[in-house]
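Residue strings, one per chain:
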2 protein chains.
Amino acid sequence: MIIFYWRRLQHMKNDKITISMDTVICTMYDDSLKVVVRKRSKAPYAGRYELPGIYLKTDESIKEGSKRCVRETTGIKNVYMEQMHTFGEVKRDTRERTVSIVYVAMLPASQLIDEYGDFILGDAELIDIQELAGSKKMAFDHGKILSKTLEWFAFKAQTSEIAFNLVDEEFTLPDLQKAYELLLGKKLFKSNFRNKIKNLVEETDYMTVGAAHRPSRLYTKV
Amino acid sequence: MIIFYWRRLQHMKNDKITISMDTVICTMYDDSLKVVVRKRSKAPYAGRYELPGIYLKTDESIKEGSKRCVRETTGIKNVYMEQMHTFGEVKRDTRERTVSIVYVAMLPASQLIDEYGDFILGDAELIDIQELAGSKKMAFDHGKILSKTLEWFAFKAQTSEIAFNLVDEEFTLPDLQKAYELLLGKKLFKSNFRNKIKNLVEETDYMTVGAAHRPSRLYTKV
């Protein structure tokens, strides 16, 4: 009985709260910005999509937690990740109070799509983020999380080089421009774009090969 | 006994973690960017400075928590606040695992300094953020939090209008330029600066009055 009393005292000191790590895993495919989601089979929100998520453990840093989230839910390791925002409305999860620390992961589609154009993540799906942002198709506040992600992308793409995470190590300039446009949420003039990024890229000796288009020069990041 | 067993089962489901809300309250005073800190009287880190902080309650949103933090530690209400970053290293607090969600608050010095130039917050102190960022003068990882805040300021000042939160409703252009420079961490050319902000400000009919300087035009935000 003393032990239980001591535990209760410990709990009275300050509240302890469940922390989830939800991750927005994004790629560029089919000329749109896609996000990895899974359809919920159970209540609450059965039939709606959710972001991959795990619960943070007491002995795990949030950086480790975010990596575990991506690894356990998709099998992907070594992906670019950055903390985006923490969501903490009281009623955001109807089951119990949960604060969600959201990381964004970005990777080229080649890491998610096999050589036949099939998505490699089993029961997860790759859906246009524009279709899900702010939408009731998402469970919990995950639609709101995606809206915030779009704002964050527009902001970050202006002031950082995150767009490079959406293309392969060797890329064409039209592909890189598309990545910038999807993150910024607007079209760019080719000449302005090329002028802006000219010090960030360098030409390789290679060209794309493909029947549908004429060959394009491949570039790498400086 | 059944109640305790049920409680333990609940706890096994997922870990629950203490969440603190630590706030970086910043102002511009004496031509530098200052932060509100308090000297710790108790171990751990007795004698070092800490940021104002509270523990998040289960029935309180993180936005409410951040506001309560500022209100309870400084008495200040209605201040500009924005979520900056969440810090979650396992050992960041040696007493128990604590994840810290950090908000930045910004206000003009006139709200913190009385008409005699005295700081109104009792035992708290107003110290140059440059002196404390990354420094061992700060308890826990609060030195690291301040370093991250400086990065964040530089990033935000480029792409948003947060600098206006450091000046009064009516301000001189040299004051506004100083606010931008402190946040960006670099000097700006007067002509470039004025050109950049010309659509954000408008002239008032008033001038500053003071013996030490010649009168300057006062402006407001558009």
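Keep in mind the model is a prediction, meaning the values are calculated, not measured.

Q: Could you give an account of the overall build of chain A, with specific residues and numbers?
A: Looking only at helices and strands, one finds six helices and nine strands in chain A. When the backbone C-alpha atoms are referred to their principal axes, chain A occupies close to 75 × 35 × 30 Å. Here chain A holds 222 residues, and 50% of them are scored as buried. Pairs at least 24 apart in sequence give 59% of the contacts found in chain A among residues at least 6 apart. Of the accessible surface of chain A, which amounts to about 12,000 Å², a share of 49% is contributed by carbon and sulfur atoms. The centroid of the 35 positive side-chain charges in chain A is displaced by 7 Å from the centroid of its 31 negative side-chain charges.

Q: With reference to specific residues and values, describe a negative patch on the surface.
A: All names here are of chain A. Judged by side-chain charge, D30, D31, D168, E169, E170 and D175 come together as a negatively charged surface patch. Its place among the elements puts E170 in the loop between α4 (142-159) and α5 (173-184). Accessibility expressed as a relative area gives 37% for E170, which makes it partly exposed.

Q: Describe helix α5 (residues 173-184) of chain B, listing the residues and the values that go with them.
A: Residue and element names in this part refer to chain B. An ideal rise of 1.5 Å per residue puts 16 Å on twelve residues; α5 measures up with 16 Å between its terminal C-alpha atoms. Across the twelve residues of α5, ten count as buried, placing the element largely inside the fold. Listed in full, the buried residues belonging to α5 are L173, L176, Q177, K178, A179, Y180, E181, L182, L183 and L184. Just past α5, the residue G185 takes up positive phi, approximately 75 degrees.

Q: Requested: an account of the packing of aromatic side chains, with residues and values cited.
A: Here the structure, examined in full by the defined rule, presents eleven aromatic pairs over all chains. Measuring from centroid to centroid gives 5.4 Å for Y180 of chain B and F193 of chain B, while their planes differ by 65 degrees, and the two rings are edge-to-face. Of the two residues, Y180 of chain B sits in helix α5 while F193 of chain B sits in helix α6 (residues 190-197), which places them 13 residues apart along the sequence. For the pair shown, Y180 of chain B and F193 of chain B are each scored as buried. Members of the aromatic cluster, joined through ring pairs, are F164, F171, Y180 and F193 of chain A. In this arrangement the basic side chain of K221 of chain B is found over the ring face of F164 of chain B, its NZ or CZ atom lying 5.2 Å from the centre.

Q: I'd like a description of the relation of the copies chain A and chain B, backed by residues and values.
A: Of the transformation superimposing chain A on chain B, the axial component is 0.0 Å and the angular component is 180 degrees, with the fit at an RMSD of 0.0 Å. The relationship between the two copies is best expressed as a two-fold rotation axis. Interface residue correspondence from chain A to chain B reaches 100%, placing this contact among same-surface, isologous pairings.

Q: Kindly report on the confidence of the model for chain A, identifying the contributing residues and their values.
A: Caution applies to low-pLDDT regions: their predicted coordinates should not be interpreted in detail. Averaged over all residues, the pLDDT of chain A equals 91, while 94% of them reach at least 70. Both scores are available for the predicted complex, with the pTM at 0.91 and the ipTM at 0.89.

Q: Account for the interface of chain A and chain B, naming residues and giving values.
A: At the junction of the two partners, chain A supplies 35 residues and chain B supplies 35 residues. Counting across the chain A and chain B interface gives two salt bridges. The partner of K16 of chain B in a salt bridge is E96 of chain A, with the nearest N and O atoms 3.2 Å apart. Taken together, chain A and chain B are joined by 22 residue pairs in polar contact (both at pLDDT 80 or more). With five residues, helix α1 (residues 2-13) of chain A is the largest single contributor of residues to the side of chain A that touches chain B. Residue composition of the side of chain A that touches chain B, by class: twelve nonpolar, eleven polar and twelve charged. Summarising the sheet, strand β1 (residues 16-29) of chain A and strand β1 (residues 16-29) of chain B pair through three bridges and their orientation is antiparallel. Counterpart to K16 of chain A in the pairing with β1 of chain B is T18 of chain B.

Q: Can you break down the pattern of salt bridges residue by residue, with the values?
A: Side chains that carry opposite charge are capable of pairing whenever their charged atoms lie near each other. All names here are of chain B. In the structure shown here, the tally under the stated rule is 24 salt bridges over all chains. For the salt bridge of R217 with E203, the shortest nitrogen-to-oxygen distance reads 3.7 Å. Pair noted here: R217 is in strand β9 (residues 217-221) and E203 is in strand β8 (residues 201-207), with a separation of 14 residues, a long-range link.

Q: Tell me about the side chain of E82 of chain A, and please be specific about residues and values.
A: Residues and elements named next belong to chain A. Relative to the assigned elements, E82 resides in strand β5 (residues 80-87). Reaching out from E82, the side chain makes a polar contact with the side chain of K156 at a distance of 2.6 Å. The contacts of E82, once residues within four sequence positions are left out, are Y103, V104, W152, K156 and I162.

Q: Provide a residue-level description of the packing of α5 of chain A against helix α6 (residues 190-197) of chain A, including the pertinent values.
A: All names here are of chain A. In contact at an axis separation of 11 Å, α5 and α6 are set at 95 degrees when each is read in the N-to-C sense. On the basis of their axis angle, the class for α5 and α6 is roughly perpendicular. Within the contact between the two elements, α5 uses L173, P174, L176, Q177 and Y180 and α6 uses K190, F193, R194 and I197. Partitioned by chemical class, the residues of the contact of α5 with α6 number six nonpolar, one polar and two charged.

Cut-off values and rules
Residues numbered from 1 in each chain as written. Chains lettered and ligands numbered in written order. Predicted model: local features only at pLDDT ≥ 70, side-chain atom pairs only at ≥ 80, totals over all residues. Heavy atoms only, no water. Helix = DSSP H or I, 4+ residues; strand = E, 2+ residues; numbered from the N terminus. Buried < 20%, exposed > 50% of the residue type's maximum accessible area, 1.4 Å probe, protein only. Contact = heavy atoms within 4.5 Å. Areas by Shrake-Rupley, 256 points an atom, 1.4 Å probe, with all protein chains shown as cover. Lys, Arg positive; Asp, Glu negative; His and termini not counted. Charge placed at Lys NZ, Arg CZ, Asp CG, Glu CD. Patch = residues over 30% accessible without salt bridge, like charges linked within 9 Å, V, L, I, M, F, W, Y side chains within 5 Å. Salt bridge = Lys/Arg side-chain N within 4 Å of Asp/Glu carboxyl O. Expected span 1.5 Å × (residues − 1). Phe/Tyr/Trp six-rings, centres within 6.5 Å; stacked < 30°, edge-to-face > 60°. Lys NZ or Arg CZ within 6 Å of the ring centre and 35° of its normal. Least-squares fit on C-alpha atoms with pLDDT ≥ 70 in both. pLDDT = per-residue confidence, 0-100. Polar contact = N/O pair within 3.5 Å; in protein donor to acceptor, adjacent residues only side chain to side chain. Nonpolar A, V, L, I, M, F, W, Y, C, P; charged D, E, K, R; others polar. Pairing = 2+ DSSP bridges. Axes fitted to C-alpha atoms, helices over the stretch in contact; angles between N-to-C directions. Parallel < 35°, antiparallel > 145°, perpendicular 65-115°, else oblique.

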